[in-house]
Structure formats: C-alpha cells, structure tokens
Amino acid sequence: MRLIVLGAAAGGGLPQWNCGCRNCADARAEVIPRMTQSSVAVSLDGTAWVVLNASPDIRAQVDACPQMHPPSLRGSPIASVVLTNGDIDHIAGLLTLREKTPFDLYATSAGLEILRGNSVFGVLDPSLVSQRQIALDAPFEPLPGLTITPFAVPGKVALFLEGDTLNLEEVGEQTVGLLLEDGTTRAAYVPGCAAIPDWLIDRLGGLDALLFDGTVWNNDDMQRTGTGEKTGARMGHIPLNGSQGSLERLAELGGRKVYIHINNTNPILQPDSAERAEVLRQGWEIAFDGMEMSL
C-alpha cells in the first residue's frame, strides 16, 4: 500500500489567507513549509489512485504530485474519491474535478445528500462520475485488492449545516474514519474526530499506520493566539494535549502514527517548539504536503 499526503493542513491551509499569526507569517517567509488542505491519495500499484477527500486545493495538489499527472492527452490516475464528511475543505475540490474525466465518488448517505441537495455539484457529469453510497462498517473495493471500510467517529455536522441545536460528538454517518486494507496491511485515515472513547481505541488497534486528527494542540489554541474564539471542541476536533487528548488516549497504539489536518495555529508546526518535541518523543510523526508512505 502506498499513501501520499496531498495536503496536511486543516481548513484554510497554511498560511491561511486572512491570518497573520506566527505560523502563517513564517510560512509566507518560507521559514516553515506551506501546507494545503487535508487530502490523502492511496494506491496499490502506483498507477491507479484513490483520493480521500477532495480538498479545495486539489488542482495545486495534483500539479505538485507527479503520480497524479495525466497519463496521456486527457485522463487522470484518480480512479475514485472517498469522502469522510461534508466539510467544505473536503468536498469543494469536487468542483475542480468537473472537466469531463470519469471517476467514482463514494460517500455515506449523509454525504451524498449534501451533494445532491446543492445544485452546484451538478457540474459533475453523472454519465462520467458515478455516485456510490457506502455504509458504516460495510467494506467496499474502490480498486482491485484495496478494501475500504468506513466507521463512525464522534464528530459534528458540517459548519454550513449547523442549526440551533448541535451535538458536537454525534456518532453516525456525518463523520467517518476509513480503514484501508490490502490483505496484508491495515491503515486508517481519521482527519476529524471530536472524542476518543474506549471503543474507538479498540477499533484503531492492530494498525500498521494511523493518520489522525491533529487540528489543535490545546482546545483553546485560537483563543491563545488571538485568532478567534472557537475552541477545538466547537469545531469538532479533539486536542492533542491533556488527559483526554489524543497523545494520551492513543499512547498504547502500535504502528506508525501520523498527525494530519493540522490547523494553522497549532504550535507543533514550529520546528523548535516544546509541543513538537513532545509529539516526536511520543513516537508520532507530523504530516507534510508530499509525504509518502509505503506500507
């Protein structure tokens, strides 16, 4: 199994267009690497690829990744796209993939309802882009030999679907993780997760690799940096730090562990920060655009 991190950042990327925080300023000055919004490509043969989440940055991501380049005058190695939720930073890139090239689009019924309920996604020619419904805990095969099983993780509905009442740790089809298997290797992609109950730890056991929600270090990262009032919890993301954070809750998991979907305010992006040192000390890796993994 081969994985390429097309984008490692949370929504807005790094630098974020309207942000002058230290991380964004350093990214503009090329002190730290820029990052596009979260997406991962998976392949077994290096020829046909499955893209996990269609980032708004997908055109630039494809351009920066030779494996994603057209193999001929027209066409694409992208055989399918799989969505983990309906967030803008995971579906907006579908509008870029409208240029009359076929691929399969997989999403839960909740995800497909979002796409079918907004006429702008009608630009995806239904004669070329097949929308395929997936179900929790039901494996499907987007490429020969590659099995993906969606599983529920605590999360919330997409921002543009929020109503007067909101469950920040809802468990259902609105937020899923993806288990990737090729008969030998097991990996999981969980770019959004609001809490880590015991049953989820059990679900993530025995993996060769885990790419997990690394959005915020502390729940109040944005407040501490003066960039906003929303907490990680309000955005549907568990912090890395703290007794209920992912560093402690997932400490006993084996295999490679990689943080992805990293917010522009997260201090782990600074190479000399104590937070980054702690993440590395505990055996985690920090994703970056272009990162390749062979499992």
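The following paragraphs examine the structure supplied in this document. (Residues numbered from 1 in each chain as written. Predicted model: local features only at pLDDT ≥ 70, side-chain atom pairs only at ≥ 80, totals over all residues. Heavy atoms only, no water.)

Buried within helix 4 (residues 109-116) are the following residues: Gly 111, Leu 112, Ile 114 and Leu 115. Looking down the long axis of helix 4, one finds its buried residues gathered within 155 degrees of arc, a one-sided arrangement. Exposed side chains of helix 4 directed beyond 90 degrees from the buried face belong to Glu 113 and Arg 116. Looking at the buried positions of helix 4, the neighbouring elements they touch are helix 3 (88-91), strand 5 (103-108) and strand 6 (129-134). (Buried < 20%, exposed > 50% of the residue type's maximum accessible area, 1.4 Å probe, protein only. Helix = DSSP H or I, 4+ residues; strand = E, 2+ residues; numbered from the N terminus. Arc of directions from axis to C-beta. Contact = heavy atoms within 4.5 Å.)

On to the state of the cysteines, then. One pass over the full model with this rule turns up 0 disulfides. Between Cys 19, a cysteine without a disulfide, and Cys 21, which holds the nearest cysteine sulfur, the sulfur-to-sulfur distance is 3.6 Å. For Cys 21, a relative accessible area of 12% puts it in the buried group. (Disulfide = S-S within 2.5 Å.)

A few words on the environment of Leu 97. Mapped onto the elements of the fold, Leu 97 is located in the loop between helix 3 and strand 5. Along the chain, Leu 97 and Val 123 lie 26 residues apart, while their C-alpha atoms are 9.1 Å from each other.

Looking now at the sheet that holds strand 10 (residues 186-190). One open sheet accounts for 7 strands, arranged 7-8-9-10-11-12-13; its pairing is mixed. This sheet does not close on itself; its edge strands, each paired only once, are strand 7 (140-143) and strand 13 (284-286). Averaged over all pairs of adjacent strands, the angle between strand axes in this sheet comes to 25 degrees, irrespective of strand direction. As defined by bridge partners, strand 10 adjoins strand 11 (residues 209-213) across 4 bridges and the pair is classed as parallel. (Pairing = 2+ DSSP bridges. Axes fitted to C-alpha atoms, helices over the stretch in contact; angles between N-to-C directions.)

Let us look at the sheet that holds strand 14 (residues 292-294). With mixed pairing, the 7 strands of this open sheet are ordered in space as 6-5-4-3-2-1-14. Because the sheet does not close on itself, it has two edges, and the strands there are strand 6 and strand 14. Averaged over neighbouring strand pairs, the angle between their axes works out to 20 degrees when direction is ignored. Where strand 2 (residues 39-43) meets strand 3 (residues 49-52), 3 bridges bridge the pair, whose relative direction is antiparallel. What sits directly across from Val 40, in strand 3, is Leu 52. Contacting strand 5 and strand 6, helix 4 crosses the sheet at an angle of about 115 degrees to strand 5.

We now examine the nonpolar core. Judged by nonpolar contacts, the single largest core of 61 residues is most densely connected at Leu 52, Leu 180, Leu 204, Leu 210 and Phe 212. Apart from the residues lying within four places of it in its own chain, the contact partners of Leu 204 are Phe 151, Ala 188, Val 190, Leu 210, Phe 212, Leu 250 and Leu 253. Ala 41, Ala 54, Ile 58 and Leu 83 belong to the second largest nonpolar core, which has 25 residues in total. (Core = buried A, V, L, I, M, F, W, Y, C linked by side-chain atoms within 4.5 Å.)

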